[in-house]
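Here's the letter readout for the chains.
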2 protein chains.
Amino acid sequence: MKKKKIFEGKVLGLSVYQGEIEGRKVKREMIEHRGAAAILGFDENKKVILVKQHRYPHGYVLEIPAGTLENGEKPIKCAFREFEEETGYKAKKMTPIISYYPSIGYNTEIIHCFVATGVKKNSDLNLDYDEILSVVKVDVKKLLSMIKTGKIQDSKTICAVLTYAAKKKLI
Amino acid sequence: MKKKKIFEGKVLGLSVYQGEIEGRKVKREMIEHRGAAAILGFDENKKVILVKQHRYPHGYVLEIPAGTLENGEKPIKCAFREFEEETGYKAKKMTPIISYYPSIGYNTEIIHCFVATGVKKNSDLNLDYDEILSVVKVDVKKLLSMIKTGKIQDSKTICAVLTYAAKKKLI
């Protein structure tokens, strides 16, 4: 496939590919993204540690903590790092729960979801200058109910929480 | 926020926004996408009707049928249309199950998932020239097991199937 680079930014790149697949001429617009790690963690009271983050143009959105991989960074390292930066909580262990492509038709991004265990409050939040968020705690059964009633709009929160609940037979 | 348009393509657009949020100078790279409809439907033998679709650069990927909204098209209309075009099955009814943003940090796309009922084989597949796929049937319990063991990589399949299973207490 012939590649034409359109854009290289801080968060994502964009290229257009042209060529043949199965004998047919095709054109594919492709977002290039390093990938992200997302973390389902529970505090000392067994509540899910979420973030209420400003997402332009939607306003504040409730999500599990997450962040983009740095250059060459392994997903599990990103998970430990972003969890502590965004929530002030430190995990002893990160266990992979599910990895998926949010938009597999046109985006290379993979989101790697982890469950954090041995979680303790360790520090204040350490956010990027343009990262606008606060920590929110929600009981996991309430969070499941919010997902089922359409109150959670974010793919990584839905995928991680429902997969966790399915494996733990919470549903 | 000041908007700079970078790209307008067939599937997506790209703009960069600059301005202030909560008093901080921010820059946001934003993918513009009309949105999509995805369908969880069962055949006469109660098997889930999936598609095995070529997704560059991954190869063939197992997913629920789905498609991008046409200009001005309502999600439910897209669901009926894409379900029949991609599988040859016609549904009597589409019930919304979950809607979500695959990558809410930088992408306007919303994926609207529906459950199809009153499903009957009606026609041959009616694919776009560059759409490369075939129909695959899988038992829903097997599909749940595939999700839990990391064999399903696609967000709409994971979100729709797990939400359905949670509501129907199948897990």
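Note that the structure is predicted; figures quoted are calculated from it, not measured. (Residues numbered from 1 in each chain as written. Chains lettered and ligands numbered in written order. Predicted model: local features only at pLDDT ≥ 70, side-chain atom pairs only at ≥ 80, totals over all residues. Heavy atoms only, no water.)

Novice: How should the interface of chain A and chain B be read in this particular structure?
Specialist: As a measure of interface size, the accessible area lost when the parts come together is often cited. The interface of chain A with chain B comprises 60 residues on the first partner and 60 residues on the second. Linking chain A to chain B there are 2 salt bridges. Arg28(B) is the partner of Asp130(A) in a salt bridge, and the nearest nitrogen-oxygen pair spans 3.2 Å. Of all elements in the fold, only strand S1 (2–8), strand S2 (13–21), strand S3 (24–32), strand S5 (48–55), strand S6 (59–63), strand S9 (93–100), helix H2 (140–148) and helix H3 (155–167) of chain A reach the threshold of two or more residues within the side of chain A that touches chain B. Broken down by element, the residue count for the side of chain A that touches chain B peaks at 8 residues, all from S3(A). Looking at the side of chain A that touches chain B residue by residue, the class counts come to 32 nonpolar, 12 polar and 16 charged. (Contact = heavy atoms within 4.5 Å. Salt bridge = Lys/Arg side-chain N within 4 Å of Asp/Glu carboxyl O. Helix = DSSP H or I, 4+ residues; strand = E, 2+ residues; numbered from the N terminus. Nonpolar A, V, L, I, M, F, W, Y, C, P; charged D, E, K, R; others polar.)

Novice: Would you explain the relation of the copies chain A and chain B in this entry?
Specialist: Between the two copies of the chain lies a relationship made up of a rotation around an axis and a movement along it. Of the transformation superimposing chain A on chain B, the axial component is 0.0 Å and the angular component is 180°, with the fit at an RMSD of 0.0 Å. Expressed as a symmetry operation, the mapping of one chain copy onto the other fits a two-fold axis. Among all C-alpha atoms of chain A, that of Pro102(A) lies closest to the rotation axis, at 2.4 Å. Take the interface residues of chain A: 100% of them recur as interface residues in chain B, which is what a same-surface contact looks like. (Least-squares fit on C-alpha atoms with pLDDT ≥ 70 in both.)

Novice: Can you walk me through the packing of helix H2 (residues 140–148) of chain B against helix H3 (residues 155–167) of chain B in this structure?
Specialist: Two numbers describe a pair of packed helices, the interaxial angle and the distance between the axes. All names here are of chain B. Following both chains from N to C, one finds H2 and H3 inclined at 125°, their axes separated by 11 Å at the closest point. For the element pair H2 / H3, the angle class is oblique. You can see that H2 and H3 cross each other, and the crossing is left-handed. Note on element contacts: H3 touches H2 through Thr 157, Ile 158, Val 161, Leu 162 and Ala 165, opposite Leu 143, Leu 144 and Ile 147. Here the residues of the contact of H2 with H3 are counted per class, giving 7 nonpolar, 1 polar and no charged. (Axes fitted to C-alpha atoms, helices over the stretch in contact; angles between N-to-C directions. Parallel < 35°, antiparallel > 145°, perpendicular 65-115°, else oblique. Left-handed = near helix turned anticlockwise from the far one by under 90°.)

Novice: Mind showing me how you'd approach helix H1 (residues 75–87) of chain A here?
Specialist: Given 3.6 residues per turn, any residue in an α-helix points the same way as the ones three and four places further on. All names here are of chain A. Along its 13 residues, H1 runs 18 Å from first to last C-alpha, staying within 8% of the 18 Å computed at 1.5 Å per residue. Residues of H1 that are buried: Cys 78, Ala 79, Arg 81, Glu 82, Phe 83, Glu 84, Glu 85, Glu 86 and Thr 87. Positive backbone phi, at 80°, marks Gly 88, one or two positions downstream of H1. (Expected span 1.5 Å × (residues − 1). Buried < 20%, exposed > 50% of the residue type's maximum accessible area, 1.4 Å probe, protein only.)

Novice: Quick question: what am I supposed to make of the packing of aromatic side chains here?
Specialist: Note on aromatic pairs: each is described by the distance of the centres and the angle between the planes. Here the structure, examined in full by the defined rule, presents 4 aromatic pairs over all chains. An angle of 55° between the planes, with centres 5.1 Å apart, marks the rings of Tyr17(A) and Tyr56(B) as tilted. Separated into two different chains, Tyr17(A) in strand S2 and Tyr56(B) in the loop between strand S5 (48–55) and strand S6 (59–63) make up a pair that spans both. Take Tyr17(A) and Tyr56(B): they sit in the same class, and that class is buried. The positively charged end of Lys121(A) is found above the aromatic ring belonging to Tyr89(A), 5.7 Å away from the centroid. (Phe/Tyr/Trp six-rings, centres within 6.5 Å; stacked < 30°, edge-to-face > 60°. Lys NZ or Arg CZ within 6 Å of the ring centre and 35° of its normal.)

Novice: Please clarify how the sheet that holds S6(B) should be interpreted in this entry.
Specialist: Strand pairs in the sheet, formed through backbone hydrogen bonds, run parallel or antiparallel to each other. Residue and element names in this part refer to chain B. Read across the sheet, 3 strands follow the order S6-S5-S12 without closing on themselves; strand pairing throughout is antiparallel. Because the sheet does not close on itself, it has two edges, and the strands there are S6 and strand S12 (133–138). Adjacent strand axes in the sheet meet at a mean angle of 30° when their direction is disregarded. Strand contacts of helix H1 (residues 75–87): S5 and S12, with the helix running at about 75° to S5, the strand carrying the most contacts. (Pairing = 2+ DSSP bridges.)

Novice: What exactly am I supposed to notice about the sheet that holds strand S7 (residues 66–68) of chain A here?
Specialist: Residue and element names in this part refer to chain A. With respect to topology, 4 strands assemble into an open sheet ordered S7-S4-S10-S9, the strand pairing being mixed. Across the chains shown, the open sheet's two edge strands, defined by having one partner strand only, are S7 and S9. When the angles between neighbouring strand axes are averaged without regard to direction, this sheet yields 25°. Pairing analysis gives 6 bridges linking strand S4 (residues 36–41) to strand S10 (residues 111–117), with the strands arranged parallel. Bridged to Ile 39 within S10 is Phe 114.

Novice: What am I meant to see in the domain arrangement of chain A here?
Specialist: As far as domains go, chain A holds domain 1 (1–33) and domain 2 (35–100 + 110–167). Distance from the C-alpha centre of domain 1 of chain A to the C-alpha centre of domain 2 of chain A: 30 Å. (Domains from an automatic or database assignment.)

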